[in-house]
Amino acid sequence: AGNYDLYVKCQDSNGNTNSADFVFKFCVDKGPDATAPLIVTTDIPSGYPVQFGTQKTDLGVYTNEPANCKWSIRDQDYSTMENEMSCSQNAEDVNTAMLYTCDTILTNLQNKEDNTFYFRCQDTSPQKNTNTESYKLTLKGSEALVIASVGPTNKTIKGSTESVPVTLTAKTFFGFNEGIATCQYSETGEKYIDFLDTHSYTHSQVLVLKQGTYKYYIKCFDIAGNSDTETI
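Anyway, here's the lowdown on the structure attached to this text. Position numbers for residues count from 1 along each chain, tracking the sequence in the order it is written. Owing to the predicted nature of the model, reporting of local features is limited to residues with pLDDT of at least 70; listing and counting of side-chain atom pairs is limited to 80 or more, with chain, interface and lining totals taken over all residues. Side-chain numbers here rest on the full set of heavy atoms in the structure, without hydrogens or water.

### Description of the packing of aromatic side chains
Thought 1: Ring geometry is summarised as follows: Phe, Tyr and Trp rings, the Trp one being its six-membered ring, pair when their centres sit within 6.5 Å, and such pairs are stacked at plane angles under 30 degrees, edge-to-face over 60 and tilted between the two. Using the criterion set out here, one finds six aromatic pairs in the structure.
Thought 2: Ring geometry for Phe-22 against Phe-24: centres 5.1 Å apart, planes inclined by 65°, an arrangement best described as edge-to-face.
Thought 3: Arranged with centres 6.2 Å apart and planes meeting at 80°, the rings of Phe-173 and Phe-174 form a pair that is edge-to-face.
Thought 4: The exposure class of Phe-173 is partly exposed, given its relative accessible area of 41%.
Thought 5: Put simply, the rings of Tyr-185, Phe-195, Tyr-214 and Tyr-216 pair up and form one aromatic cluster.
Thought 6: Ring-over charges, as used throughout, are those where CZ of Arg or NZ of Lys falls within 6 Å of the ring centre and within 35 degrees of the ring normal. A cation sits over an aromatic face here: Lys-70 above Tyr-78, 4.7 Å from the ring centre. Three exposure classes are used, based on accessible area relative to the maximum for each residue type with a 1.4 Å probe and protein chains only: buried under 20%, partly exposed in between, and exposed over 50%.

Rendered as structure tokens:
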């Protein structure tokens, strides 16, 4: 509660700015506060996959007012939730969306399973308004991505012209979504280029090569961060 002045300046794409501040003046009444905090969003969306082998991850929870928040793997009352969060309480701590942040580390993540967490918050007013329903977040455990095959390998490609078309191929299994991944190739193992035909479980790239011996590094990865490498 109190009086606030917010000073705003704008700049266009050519770098021109307004010389004088535009001031928003307003006041916030002390209350009473009759509503519980609203959990607006989290910085990891529900349903998002996590990399195979991940046992814990940082998480930010965003509320519409200063609050104290907790989480649990069971849907239960705020008072009995086991895990407390570190929450910003001051008006100057709001982000650009005018939301307050509570940070925590989610633990005991399991591979190849849905990892479900429940969150509830209590505001900092004397009324201590508390969520009566939990905010549910599910992170999907994945499995390791595997490049099942690549080609051509240890093979001489022949043709009747000076330059011969050669098709690099790869197949991916497992990972987050039955092997759906992005595959890339590189001649040096440093700078990689996406296959022309990828974002699936089969991947291909046509190269036109002159006579010689070639080695290509293949790297594939899915949206959970699982990856695998091979050479051709």
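Next, the rest of the story.
### Here we look at the sheet that holds strand S14 (residues 182-186)
Sheet strands line up and pair through hydrogen bonds in the backbone, either parallel or antiparallel.
Thought 1: Strand pairing is assigned whenever DSSP identifies at least 2 bridges connecting the two strands. Secondary structure elements follow DSSP: runs of H or I of four or more residues count as helices, runs of E of two or more count as strands, with numbering from the N terminus. The strand order across the open sheet formed by four strands is S15-S14-S17-S18, and the pairing between neighbours is antiparallel. Sheet topology places strand S15 (193-194) and strand S18 (227-231) at the edges, where each strand pairs with a single neighbour.

### A word on the sheet that holds strand S13 (residues 163-174)
Thought 1: Across the sheet, three strands lie side by side as S12-S13-S16; this open sheet has antiparallel pairing. Since the sheet does not close on itself, it has two edges, and those belong to strand S12 (145-151) and strand S16 (202-210), each with one partner. When the angles between neighbouring strand axes are averaged without regard to direction, this sheet yields 25°.
Thought 2: Here S12 pairs with S13 via six bridges, running antiparallel. Axis geometry follows a simple rule: fit a line to the C-alpha atoms, using only the stretch in contact for helices, then measure angles between N-to-C directions, giving values from 0 to 180 degrees.

### A look at the pattern of salt bridges
Thought 1: Within this document, salt bridges are pairs made up of a side-chain nitrogen of Lys or Arg and a carboxyl oxygen of Asp or Glu, the two lying within 4 Å of each other. Overall, the coordinates contain six salt bridges when judged by the stated rule.
Thought 2: Look at the salt bridges and you will find they share partners, linking Asp-75, Asp-77 and Arg-120 into a network.

### What to know about the environment of Asp-77
Thought 1: Looking at where Asp-77 falls in the secondary structure, it is placed in the loop between strand S6 (67-72) and strand S7 (83-84).
Thought 2: Overall, the relative accessible area of 49% leaves Asp-77 in the partly exposed class.
Thought 3: Taking the C-alpha atoms as reference, Asp-77 lies 26 Å from Gly-141; in sequence the two are 64 residues apart.

### Looking at the state of the cysteines
Thought 1: When two cysteine sulfur atoms are found within 2.5 Å, that pair is recorded as a disulfide. One pass over the full model with this rule turns up three disulfides.
Thought 2: Two residues share a disulfide in this structure: Cys-69 and Cys-121, whose sulfurs sit 2.0 Å from each other. When the S-S torsion is 105°, as for the bridge of Cys-69 with Cys-121, the disulfide is right-handed. Within this pair, whereas Cys-69 is found in strand S6, its partner Cys-121 is found in strand S10 (residues 114-123), the two being separated by 52 residues in sequence. The pair formed by Cys-69 and Cys-121 is uniform in burial state, with each residue classed as buried.

### Considerations on a nonpolar patch on the surface
Thought 1: Together, Leu-6, Phe-22, Phe-24, Phe-26 and Val-28 give the surface a local cluster of nonpolar side chains, amounting to about 470 Å² of exposed area.
Thought 2: In terms of residue count, the dominant contributor to the nonpolar patch is strand S2 (residues 22-28) (four residues). Like charges are joined within 9 Å and nonpolar side chains (Val, Leu, Ile, Met, Phe, Trp, Tyr) within 5 Å, but only among residues with over 30% relative accessible area and no salt bridge; these make up the patches. Calculation of accessible area relied on Shrake-Rupley with a 1.4 Å probe; when residues are assessed, cover is drawn exclusively from the protein chains displayed.

### What to know about the environment of Ile-73
Thought 1: Its place among the elements puts Ile-73 in the loop between S6 and S7.
Thought 2: Sequence spacing of Ile-73 and Leu-106 is 33 residues, and the spatial spacing of their C-alpha atoms is 9.7 Å.
Thought 3: Setting aside chain neighbours within four positions, we find Ile-73 in contact with Thr-116, Phe-117 and Tyr-118. Pairs of residues are marked as contacts when any of their non-hydrogen atoms sit within 4.5 Å.

### Here we look at the nonpolar core
Thought 1: In this text, buried Ala, Val, Leu, Ile, Met, Phe, Trp, Tyr and Cys residues form a nonpolar core when linked through side-chain atoms within 4.5 Å. Counting 18 residues, the largest nonpolar core has Met-85, Leu-106, Phe-119 and Leu-139 as the members making the most contacts within it.
Thought 2: Elements that contribute at least two residues to this core include exactly strand S5 (56-63), S6, strand S9 (100-107), S10 and strand S11 (135-141).
Thought 3: Beyond its immediate sequence surroundings of up to four residues, Phe-119 is in contact with Ile-39, Leu-59, Val-61, Lys-70, Trp-71, Met-81, Met-85, Leu-106, Glu-133, Ser-134, Tyr-135 and Leu-137.
Thought 4: Residues Val-150, Cys-183, Tyr-185 and Ile-232 belong to the second largest nonpolar core, which totals 16 residues.

### Here we look at the layout of surface pockets
Thought 1: Of the two site types, the cavity is a set of points on a 1 Å grid over the protein atoms alone where a 1.4 Å probe fits but cannot get out, and the pocket is an open set with protein on both sides within 12 Å along at least five of seven lines, each lined by residues with an atom within 4 Å of a point. Grid points are joined across faces, edges and corners, and a volume is the space filled by probe spheres set on the points. For the second largest pocket, the calculated volume is near 450 Å³.
Thought 2: Taken together, the elements giving at least two residues each to the lining of the second largest pocket come down to S13 and S16.
Thought 3: The leading source of residues in the lining of the second largest pocket is S13, at three residues.
Thought 4: Partitioned by chemical class, the residues of the lining of the second largest pocket number nine nonpolar, eight polar and three charged. Side-chain classes are defined by residue name, with Ala, Val, Leu, Ile, Met, Phe, Trp, Tyr, Cys and Pro counting as nonpolar, Asp, Glu, Lys and Arg as charged, and the others, Gly among them, as polar.

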